[in-house]
2 protein chains.
Amino acid sequence: MEIHQLRYFVAVAEEGNFSRAAEKVRVAQPSLSQQIQKLEAELGQPLFDRLPRTVLLTDAGKRFQEFAQRILAGVADAQRCVDECKGEAVGRLVLGAIPTIAPYLLPRLLQQFQHKHPKVSIEVIEDVTENL
Amino acid sequence: MEIHQLRYFVAVAEEGNFSRAAEKVRVAQPSLSQQIQKLEAELGQPLFDRLPRTVLLTDAGKRFQEFAQRILAGVADAQRCVDECKGEAVGRLVLGAIPTIAPYLLPRLLQQFQHKHPKVSIEVIEDVTENL
DNA sequence: TAATATTACGTATTACGTAAAGATT
DNA sequence: AATCTTTACGTAATACGTAATATTA
């Protein structure tokens, strides 16, 4: 069982149609068909009844759908969760800069940086020799 | 993000050691290392601090671990869920058998079958000609 | 030197797309 | 004929293992 298979499965379940599901998940329709078959083989039973007009979930498929959706939601949550950590730098930044240029470039850059990393304290040293 | 990557990640998080984790999930250690790197790349940040003696979860890694475990638990649940559907055959089974042999083989087989498929009603016909 | 993680690289698996076939209306 | 799914098959992506290379104690 793989995550992309779960995406395909949910798409077919929602669309009731392999072709439209394939467009939705942006994959060739036979490829999607293969992945669904593979998933069904691994689970040991069919997830869909392939009827002439539409594709319906089997009982097992209905059950499975809820789990699949919860898993995919979990994946999305996990993504978002670590994204929140991303810019969360903390600490202290000491920055050396050439006195002549500093006032012209730094203000905007530092403002952007502070916005992204509010927990970092910044100190700018224009004349480095003072600290030698 | 793939399910096997989550398994690898959880193993490393639990073992605090790539080598032992690799044994646990039965994969070569460099392969596991690669998959972790790939996962970290996709998430946009490291999940582990590679320290000399051990491997520790980063803040993002700690957060991610909970989600990963929930996802894997969901996968296991999904498997179990559809397994429950498996033997749930319902309906009626009419079985023809050679009269001489039937009494010797069928009782045990039918008992097993009924145990697995309690919702199937069974009829045994020993003399098929009666039904022609 | 021992223990551990990463990089390099060739191989085997596999997901994919295109084309053809099957099935149903 | 038209619509939809599956089968067939070659290609491309990739997960894997082995071997070599850091890195640290």
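So, how was this worked out
- Every chain begins its residue count from 1, and numbering advances along the sequence as written.
- The naming scheme follows written order: chains are lettered A onward, ligands numbered 1 onward.
- The model is predicted, so local features are restricted to residues of pLDDT at least 70 and side-chain atom pairs to those at 80 or more, both for listing and for counting; the totals for chains, interfaces and linings are taken over all residues.
- Side-chain numbers come from the whole structure's heavy atoms, not from hydrogens or water.
- A cutoff of 4 Å decides nearness: a residue is near a molecule or strand if any of its heavy atoms lies inside that distance of it.
- Any N or O atom pair separated by 3.5 Å or less is treated as a polar contact, with the protein-specific requirement of one donor-capable and one acceptor-capable atom, and with residues adjacent in sequence counted only for side-chain atom pairs.
- Only runs of H or I of at least four residues qualify as helices and only runs of E of at least two qualify as strands under DSSP, and these elements are numbered from the N terminus.
- When residues are sorted by character, Ala, Val, Leu, Ile, Met, Phe, Trp, Tyr, Cys and Pro go into the nonpolar class, Asp, Glu, Lys and Arg into the charged class, and all the rest, Gly among them, into the polar class.
- Residues count as neighbours in contact if any of their non-hydrogen atoms are within 4.5 Å of one another.
- Axis geometry follows a simple rule: fit a line to the C-alpha atoms, using only the stretch in contact for helices, then measure angles between N-to-C directions, giving values from 0 to 180 degrees.
- An angle below 35 degrees is treated as roughly parallel, one above 145 as roughly antiparallel, one from 65 to 115 as roughly perpendicular, and anything else as oblique.
- C-alpha atoms of residues with pLDDT of at least 70 in both copies form the basis for the least-squares superposition of the copies.
- By definition, the buried area sums, over both parts, the 1.4 Å-probe accessible area that each loses when the two are put together.
- Every case where a carboxyl oxygen of Asp or Glu lies within 4 Å of a side-chain nitrogen of Lys or Arg is listed as a salt bridge.
- Marked domain ranges trace back to an automatic or database domain assignment.
- Under the scheme applied here, a residue whose accessible area is under 20% of the maximum for its type counts as buried, over 50% as exposed, and between as partly exposed, the area being computed with a 1.4 Å probe on protein chains only.
- To pair, rings of Phe, Tyr and Trp, with the six-membered ring standing in for Trp, must have centres within 6.5 Å; the planes then decide the type, stacked if under 30 degrees apart, edge-to-face if over 60, and tilted in the middle.

Near DNA strand C, the surroundings consist of 20 residues, among which Tyr8, Ala28 and Lys38 of chain A together with Ser33 and Arg50 of chain B are the closest. The protein-proximal atoms of DNA strand C, defined as those within 4 Å of the protein, are 69% sugar or phosphate. The separation between a phosphate oxygen of DNA strand C and a polar side-chain atom of Tyr8 of chain A is 2.4 Å. Contact distances for DNA strand C include 3.3 Å between a base nitrogen and a side-chain N or O atom of Gln34 of chain B. Broken down by secondary-structure element, the contributors of at least two residues to the surface near DNA strand C are helix H1 (3–15) and helix H3 (29–43) of chain A together with helix H2 (18–25) and helix H3 (29–43) of chain B. Split by residue class, the surface near DNA strand C holds 8 nonpolar, 10 polar and 2 charged.

Moving on, we come to the side chain of Thr58 of chain A. One can find Thr58 of chain A in the loop between strand E2 (55–57) and helix H4 (59–86). Other than its neighbours up to four places away in sequence, Thr58 of chain A contacts Pro46, Leu47, Phe48 and Asp49 of chain A.

Moving on to the packing of helix H2 (residues 18–25) of chain A against H3 of chain A. Residues and elements named next belong to chain A. Put simply, H2 and H3 touch, their axes get as near as 9 Å, and they point 100 degrees apart. Taken together, the axes of H2 and H3 lie roughly perpendicular to each other. Residues Phe18, Ser19, Ala21, Ala22 and Val25 of H2 touch H3, and the partners they reach there are Gln29, Leu32, Ser33 and Ile36.

Moving on: the relation of the copies chain A and chain B. Overlaying chain A on chain B yields an RMSD of 0.5 Å, the required transformation being a rotation through 178 degrees with an accompanying axial translation of 0.2 Å. In symmetry terms, the pair is related by a two-fold rotation axis. Within chain A, the C-alpha atom positioned nearest to the axis of rotation is that of Ile71 of chain A, 2.8 Å from it.

On to the interface of chain A and chain B, then. With 24 residues of chain A at the contact, the number on the chain B side is 25 residues. Together chain A and chain B conceal approximately 2,400 Å² of surface at their shared face, both sides included; 66% is due to carbon and sulfur atoms. Sorting the residues of chain A by area buried against chain B places Arg63, Phe67 and Val82 of chain A first, and these three jointly supply 20% of that buried surface. Seen at the junction of chain A and chain B, the total is 2 salt bridges. Glu84 of chain A serves as the salt-bridge partner of Arg63 of chain B, at 3.4 Å between the closest nitrogen and oxygen. In this structure, the connection of chain A to chain B is made through 8 residue pairs in polar contact (both at pLDDT 80 or more).

For the rest of this paragraph, the subject is the domain arrangement of chain A. Annotation of chain A at the domain level lists domain 1 (3–84) and domain 2 (91–126). Domain 1 of chain A and domain 2 of chain A are separated by 49 Å when their C-alpha centres are compared.

Let us look at the environment of Leu39 of chain A. Residues and elements named next belong to chain A. In this structure, Leu39 sits in helix H3. For Leu39, a relative accessible area of 0% puts it in the buried group. Taking the C-alpha atoms as reference, Leu39 lies 15 Å from Leu72; in sequence the two are 33 residues apart. Residues in contact with Leu39, not counting those within four places in the same chain, are Met1, Gln5, Phe9, Leu47 and Phe64.

With that settled, the discussion passes to the protein's contact with DNA strand D. Every one of the 21 residues lining DNA strand D counts as a neighbour, but Ser33 and Arg50 of chain A together with Tyr8, Ala28 and Lys38 of chain B are closest to it. In DNA strand D, atoms within 4 Å of the protein come 68% from sugar and phosphate. Ser31 of chain B has a polar side-chain atom sitting 2.9 Å from a base nitrogen of DNA strand D. Side-chain polar atom of Gln35 of chain B to a phosphate oxygen of DNA strand D: 3.5 Å apart, as the coordinates give it. Residue assignment for the surface near DNA strand D shows that the elements contributing at least two residues are H2 and H3 of chain A together with helix H1 (3–15) and H3 of chain B. Across the surface near DNA strand D, the residue classes tally to 8 nonpolar, 10 polar and 3 charged.

To continue, consider the packing of aromatic side chains. Residue and element names in this part refer to chain A. A full pass over the atoms with the stated rule returns 6 aromatic pairs over all chains. Pairing Phe9 with Phe48 gives two aromatic rings, centres 5.4 Å apart and planes at 40 degrees, and the pair type is tilted. Of this pair, Phe9 sits in helix H1 while Phe48 sits in strand E1 (residues 48–50), placing them 39 residues apart in sequence. We classify Phe9 as buried; its relative accessible area is 0%. Exposure remark for Phe48: the relative accessible area of 3% places this residue in the buried category.

It is worth spelling out the pattern of salt bridges at this point. Residues and elements named next belong to chain A. Tallying each qualifying case throughout the model produces 14 salt bridges over all chains. For Lys62, the salt bridge identified is with Asp59, shortest N-O distance 3.9 Å. With a gap of 3 residues between them, Lys62 and Asp59 both fall in helix H4, about one helical turn apart. By relative accessible area, Asp59 is classed as exposed at 57%. Between Asp77 and Arg80 there is a salt bridge, with its nearest N and O atoms 3.1 Å apart. In this pair, Asp77 and Arg80 both sit in helix H4, 3 residues apart, roughly one turn of the helix. One connected set of salt bridges, linked through shared partners, spans Glu14, Glu15, Arg20 and Lys24.

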